[in-house]
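Chain residues, written in single-letter form:
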Amino acid sequence: MSVPEGKRGQRKMKVFTKANDLAIYTIKICSNQKVFLPEYQSAMTDDIIATAKDIFLLAWEANSIRVTDGNGQVNPAKRAERKDLQERAIRKCNKLLALMQMAQRLFHLKAKRIKYWGQKTVDVRNLLKSWKESDTRRYADQKQTRGNNAPNARAC
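Quantities reported herein were computed from a predicted structural model and do not represent experimental measurements.

K.L.:
What's the story with the overall build of the protein in this structure? I'm lost.
P.N.:
A count of helical and extended segments in the protein gives four helices and zero strands. Per-residue burial for the protein yields a buried fraction of 33% across its 156 residues. With the model as given, the accessible surface of the protein reaches about 10,300 Å², and the carbon-plus-sulfur share is 51%.

Structure (structure tokens):
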């Protein structure tokens, strides 16, 4: 079943939009020095912001890697590099959730804010996981299809 032209790539683009929104939201709330006290800037706030930015940047970098060559053959090294970047972005989401828990106690953040911020992070993490799984299926299918049509290199 083919994907309608208007729907192609929409889901994948959603991960970048959501990751960008998460980074911007994080920067904005962490810039409020009445809540995120300046004395904790280097110990906590900078790390929170860097982690949120890393999520977006790792996803962006992963997307820039062309896994297949001009003939549609999967380059295993490029695939591994892209998968590694996707996994690192997912782990950064987990790190951001942990930092939020610390920030909640340190800065006395309202549970409502943590719930909203945390849900944004979980949404991005789930989109990243779905993207990684989609890549795994797509490139496994390409390998399998190409492998069945390829000449047997071990023939005598």
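K.L.:
Any chance you could explain the nonpolar core here in plain terms?
P.N.:
As a rule of thumb, nonpolar side chains are buried together in soluble globular proteins. Core analysis: the largest hydrophobic core is formed by 34 residues, its most contacted members being F36, I48, I55, W117 and L128. For this core, the secondary-structure elements that each account for two or more residues are helix 1 (10-30), helix 2 (41-63), helix 3 (76-107) and helix 4 (111-149). Residues contacting I55, with those up to four places away along its chain left out, are A19, L22, A89, K92, C93, L96, V124 and L128.

K.L.:
Where do I start with unusual backbone geometry in this structure?
P.N.:
The phi angle of most residues is negative, glycine excepted, and most peptide bonds adopt the trans form. Positive phi is not limited to glycine here, since H108 has a value of about 55 degrees. Its location among the elements puts H108 in the loop between helix 3 and helix 4.

K.L.:
Would you take a moment to explain the pattern of salt bridges for this structure?
P.N.:
Pairs can form between side chains of opposite charge whenever their charged atoms are close. This structure, assessed with the given rule, holds seven salt bridges. Salt-bridge contacts for D135 lead to R82; the nearest nitrogen and oxygen are separated by 2.6 Å. With D135 in helix 4 and R82 in helix 3, the pair connects residues that are 53 residues apart, well separated along the chain. With a relative accessible area of 0%, D135 lands in the buried category. A relative accessible area of 4% places R82 in the buried class. Here E87 and K132 are joined by a salt bridge, their closest N and O atoms 3.4 Å apart. Separated by 45 residues along the polypeptide, E87 in helix 3 and K132 in helix 4 bring together distant segments of the chain. Through salt bridges that share partners, R79, R82, D135 and R138 make up one connected network.

K.L.:
Please clarify how the environment of L57 should be interpreted in this entry.
P.N.:
Position of L57 relative to the elements: it lies in helix 2. Taking the C-alpha atoms as reference points, L57 and A19, separated by 38 residues in sequence, lie 8.7 Å from one another.

K.L.:
Would you take a moment to explain the environment of K120 for this structure?
P.N.:
For K120, the position within the fold is in helix 4. Distance from K120 to L22, taken between C-alpha atoms, is 6.4 Å for residues 98 residues apart in sequence.

Reading the values: the criteria
- Residues numbered from 1 in each chain as written.
- Predicted model: local features only at pLDDT ≥ 70, side-chain atom pairs only at ≥ 80, totals over all residues.
- Heavy atoms only, no water.
- Helix = DSSP H or I, 4+ residues; strand = E, 2+ residues; numbered from the N terminus.
- Buried < 20%, exposed > 50% of the residue type's maximum accessible area, 1.4 Å probe, protein only.
- Areas by Shrake-Rupley, 256 points an atom, 1.4 Å probe, with all protein chains shown as cover.
- Core = buried A, V, L, I, M, F, W, Y, C linked by side-chain atoms within 4.5 Å.
- Contact = heavy atoms within 4.5 Å.
- Salt bridge = Lys/Arg side-chain N within 4 Å of Asp/Glu carboxyl O.

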